[in-house]
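In case you want the letters, here they are:
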Amino acid sequence: EAQVTQNPRYLITVTGKKLTVTCSQNMNHEYMSWYRQDPGLGLRQIYYSMNVEVTDKGDVPEGYKVSRKEKRNFPLILESPSPNQTSLYFCASSSLGTATDTQYFGPGTRLTVL
Amino acid sequence: AQTVTQSQPEMSVQEAETVTLSCTYDTSESDYYLFWYKQPPSRQMILVIRQEAYKQQNATENRFSVNFQKAAKSFSLKISDSQLGDAAMYFCAYAAPTSGTYKYIFGTGTRLKVLA
C-alpha cells in the first residue's frame, strides 16, 4: 500500500531533550516536506526537499533540522525542543514536487514539549 | 509576501444543502496553483480539489466545485448535497513556484459542521 509513515505518532518530552521524528514513504517520491499545524494558524511549512541531499527552508525553519540521505526517508530533528514547538507535525511527499502532483500526507505526530 | 486568508473559522450546513467556503489569497505570481484540503477528525489530510491559475475553467470533483476569480484573488469551495461525512476542517492552500519546485502556503482553516 502506498503510504507515508511517521513515528512516533505521539510524543511527550521535556525542554532541551533532543528528539527525532521519522518520516518514510514507499512511493519513490522525489519531493518530501514537513509541516506543523497549530490552532488558528493552519499548516506552515518547515522544510522541504526536492531530492537526496537537497533541502530548503519553508516559512518556519527555526529550531528544526532535517536531512535527506535516502530518497525514502526525511527525518525531522529538534536539537533542543522548547514548549513553543508543541504542535501537530505532518510529513508529506509527492512524485516530482510540481504542483500538479498530489501531496500524500502522513498520519501526523502530536508533540508536546513540557 | 504570499498569503492565504480564510475568514470563516466555522460554518454550518444542513444535510443535503449547499455550502460555500471562502478563501482569498495574495500573490504577484502568474504561475501558481490553488487547493482545497479536507481534514476529518482522523487528522488525515485529503486533497479535495486543485485549480491551475492559468485555467479559466473552474475545477469540479463530483459534489465539490470551486469559484476561481483570478482578478479578485478569490477561490471559494462549494459543496453540494452536503453529507455527514463532509464534516471536517477545510484548508485552502496556494502553491508558489520556487527554485524548481513549489512552496505551499495554507490558510487557517474553516471548520464545517453538517447538521442532520
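Residues numbered from 1 in each chain as written. Chains lettered and ligands numbered in written order. Predicted model: local features only at pLDDT ≥ 70, side-chain atom pairs only at ≥ 80, totals over all residues. Heavy atoms only, no water.

Draft legend 1. View of the state of the cysteines. What the rule picks out here adds up to two disulfides over all chains. Two residues share a disulfide in this structure: cysteine 23 of chain A and cysteine 91 of chain A, whose sulfurs sit 1.8 Å from each other. Because the torsion about its S-S bond is -70°, the bridge between cysteine 23 of chain A and cysteine 91 of chain A counts as left-handed. Highlighted residues: cysteine 23 of chain A in strand S3 (residues 19-25) and cysteine 91 of chain A in strand S9 (residues 87-94), separated in sequence by 68 residues. Neither residue differs from the other here; cysteine 23 of chain A and cysteine 91 of chain A are each classed as buried. Paired by a disulfide, cysteine 23 of chain B and cysteine 92 of chain B hold their sulfur atoms 2.0 Å apart. Between cysteine 23 of chain B and cysteine 92 of chain B the disulfide shows an S-S torsion of about -70°. By sign, it is left-handed. Residue cysteine 23 of chain B is located in the loop between strand S3 (19-21) and strand S4 (24-26), and its partner cysteine 92 of chain B is located in strand S10 (residues 88-98); the two are separated by 69 residues in the primary sequence. (Disulfide = S-S within 2.5 Å. Helix = DSSP H or I, 4+ residues; strand = E, 2+ residues; numbered from the N terminus. Buried < 20%, exposed > 50% of the residue type's maximum accessible area, 1.4 Å probe, protein only.)

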